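Listed below are the residues making up each chain.
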Amino acid sequence: MLKSGNNPIEIVEKKGLKQISDPKKLIPIIKSIINNNQENVIKYKNGNQKLFGFFVGEVLKATNAKANPKIVNELIRKYLSK
């Protein structure tokens, strides 16, 4: 900011640092991860609650850690409970 004179919003946009909080962008990623990891879905539903972190980690990996963790957690819970 000091070097460029740009405002913080411009810097975040230019450097690609903006967090993904839009469920419409996250849902397809989450659905894909769940569909591609059915064995872990079954294990999770059979009581291996530690696998929840696996799914969160996969979403963060797929979004280069830009996904909003709170929203990711809510959406994963929703789709794993189906």
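Remember, it's a predicted structure, so these values are computed and weren't measured experimentally.

Colleague: Account for the side chain of Thr63, with residues named and values stated.
Modeller: With respect to the element layout, Thr63 can be found in the loop between α4 (51-62) and α5 (69-80). Residue classification places Thr63 among the buried positions, given a relative accessible area of 5%. Those residues in contact with Thr63 that lie beyond four places of it in its chain are Ile20, Leu26 and Ile29.

Colleague: Describe in detail helix α3 (residues 38-45), supporting the description with residues and values.
Modeller: Within α3, the full set of buried residues consists of Asn40, Val41 and Tyr44. Seen along its axis, α3 keeps its buried residues to an arc of 105°; they face one direction. Turned more than 90 degrees off the buried face of α3, the exposed positions are Glu39 and Ile42. Of the surrounding elements, those touching the buried residues of α3 are α2 (23-35), α4 and α5. Within two residues after α3, Gly47 carries a phi angle of roughly 115°, on the positive side.

Colleague: Let's hear about the packing of α2 against α4: which residues, and what values?
Modeller: Contact geometry for α2 and α4: axes closest at 10 Å, N-to-C directions at 125°. As summarised for this structure, α2 and α4 are arranged oblique, according to the angle between their axes. Between α2 and α4 lies a crossing of right-handed hand. Here Ile29, Ile30, Ile33 and Ile34 of α2 come into contact with α4, specifically with Phe55, Glu58, Val59 and Ala62.

Colleague: Give a detailed account of α4, specifying residues and quantitative values.
Modeller: Its 12 residues place the ends of α4 17 Å apart at the C-alpha level, agreeing with the 16 Å of an ideal helix rising 1.5 Å per residue. Turning to α4, its buried residues number three or more, namely Leu51, Phe52, Phe55, Val56 and Val59. With its buried residues spanning 160° around the axis, α4 presents them on a single face. Its buried side turned inward, α4 meets α2, α3 and α5.

Colleague: Pulling in residues and values, what's your account of unusual backbone geometry?
Modeller: In this model, Asn64 sits at a positive phi of 55°, which is unusual for a non-glycine residue. Tracing the chain through its elements places Asn64 in the loop between α4 and α5.

Rules used in this analysis
- Along each chain, residue indices are assigned from 1 in the same order as the chain's sequence is written.
- Where local features are concerned, this predicted model is filtered to residues with pLDDT of at least 70; where side-chain atom pairs are given and counted, the filter is 80 or more; whole-chain, interface and lining totals use all residues.
- Processing note: side-chain calculations cover all non-hydrogen atoms of the structure and skip hydrogens and water entirely.
- Numbering of helices and strands runs from the N terminus; a helix is a DSSP stretch of H or I covering at least four residues, while a strand is a stretch of E covering at least two.
- Per-residue accessibility, obtained with a 1.4 Å probe over protein chains only, is compared with the maximum for each type, and a residue is labelled buried under 20%, exposed over 50%, and partly exposed between these values.
- Contact definition: two residues touch when any of their heavy atoms are within 4.5 Å.
- Think of the arc as the fan of directions from the helix axis to the C-beta atoms.
- Between N-to-C directions, angles cover 0 to 180 degrees, with each direction set by a line fitted to C-alpha atoms, over the stretch in contact for helices.
- The cut-offs work like this: below 35 degrees is roughly parallel, past 145 is roughly antiparallel, 65 to 115 is roughly perpendicular, and the gaps in between are oblique.
- By convention, the crossing between two helices is left-handed when the near helix turns anticlockwise from the far helix through less than a right angle, and right-handed when the turn is clockwise.
- A helix is expected to span 1.5 Å multiplied by its residue count minus one.

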